[in-house]
Amino acid sequence: MAESIVVIRLTRNLRYKLTYVKIFETYLESEPGPDVTELLKALIQAQQSAIVPLSRYLRRLDVNTADLELDQKLLGHALSREHVKAQLRFIYDGLQRAVAWYKTQITDRQMTADPELRELLLELGELDAAKLWRTEAVMSMLRVPTKMKEKDWEDQSERRERDYDKGWRPGLVEDVGRPAWGGSEYGSYPRPSRSQGKDR
């Protein structure tokens, strides 16, 4: 019997999460400095907290999550980044793709037929959005452009700092009608309040 699209997508997503834990741990071994070290440790913790409920859901679908192999192609791309700036950009790009993936999944009827899965996707998407925001904040503080060539970095950096001071937070599903994030708290990651969501 062919695997369902839900199993295929969630299994691939879990494999990516496991691979990124390895990537973050490897980057951490290079002693990248206090700010990046703190970021990487937070990313590892957040990634591990996402792996637990995702693995649990897959096991209920009779998927053996214990034997999943890491994505060697993704790992190879990550390890080819030899300096901190390139590593931060790799992390940033990966989180951007992850956030976009979750936005796509929660508008796909095949992925949201089960209300529990929809809530799981929303929670995991929120977590990746918070990771993206935190990574961008660290890059801005360290004056690392999000791209190799980025015009007017000075102006963009100042704008990000103003956004940070104003309490800007990442939004993942505002464009599909969800007023605010729900679910459990994720450590020290900033989260938009329900009152802010209702005021929009």
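Heads up: these notes are all about the structure in this document. (Residues numbered from 1 in each chain as written. Predicted model: local features only at pLDDT ≥ 70, side-chain atom pairs only at ≥ 80, totals over all residues. Heavy atoms only, no water.)

Inspection of every chain in the model, using the stated rule, returns 3 aromatic pairs. Note on tyrosine 20 and phenylalanine 90: the rings are 6.3 Å apart at their centroids and 35° apart in plane angle, and the pair reads as tilted. Of this pair, tyrosine 20 sits in helix α1 (residues 5–29) while phenylalanine 90 sits in helix α4 (residues 84–105); the two residues are 70 residues apart in sequence, bridging distant segments of the chain. For the pair formed by tyrosine 20 and phenylalanine 90, the shared burial category is buried. (Phe/Tyr/Trp six-rings, centres within 6.5 Å; stacked < 30°, edge-to-face > 60°. Helix = DSSP H or I, 4+ residues; strand = E, 2+ residues; numbered from the N terminus. Buried < 20%, exposed > 50% of the residue type's maximum accessible area, 1.4 Å probe, protein only.)

All right, on to unusual backbone geometry then. Negative phi is the rule for most residues except glycine; trans is the rule for most peptide bonds. Notably, glutamate 31 is not glycine yet its phi reads approximately 50°, a positive angle. Position of glutamate 31 relative to the elements: it lies in the loop between α1 and α2 (34–60). Even without being glycine, arginine 143 reaches a positive phi, approximately 60°. Tracing the sequence through the fold places arginine 143 in the loop between α6 (115–141) and α7 (153–165). Classification of arginine 143 as partly exposed rests on a relative accessible area of 42%.

With that settled, the discussion passes to the nonpolar core. Buried together is how nonpolar side chains tend to be arranged in soluble globular proteins. Within the largest apolar cluster, 23 residues are counted, with the highest numbers of intra-cluster contacts made by Ile23, Phe24, Tyr27, Phe90 and Ile91. Only α1, α2, α3 (72–79), α4 and α6 provide two or more residues apiece to this core. With 6 residues, the top contributor of residues to this core is α4. What phenylalanine 24 contacts, discounting residues up to four positions off in sequence, is Leu40, Leu43, Ile44, Gln47 and Ile91. Grouped together as the second largest cluster of nonpolar side chains are 22 residues, Val7, Val21, Val63 and Leu122 included. (Core = buried A, V, L, I, M, F, W, Y, C linked by side-chain atoms within 4.5 Å. Contact = heavy atoms within 4.5 Å.)

Quick look at the side chain of lysine 17 now. In this structure, lysine 17 sits in helix α1. Within the local environment of lysine 17, its side chain forms a polar contact with the side chain of tyrosine 102, the two groups lying 3.0 Å apart. Look past the residues within four positions of lysine 17 in its chain and what remains in contact with it is Gln47, Ala50, Ile51, Leu54, Tyr102, Leu124 and Asp128. (Polar contact = N/O pair within 3.5 Å; in protein donor to acceptor, adjacent residues only side chain to side chain.)

Let us look at the environment of leucine 43. Its location among the elements puts leucine 43 in helix α2. What makes leucine 43 buried here is its relative accessible area of 0%. Sequence spacing of leucine 43 and phenylalanine 24 is 19 residues, and the spatial spacing of their C-alpha atoms is 7.4 Å.

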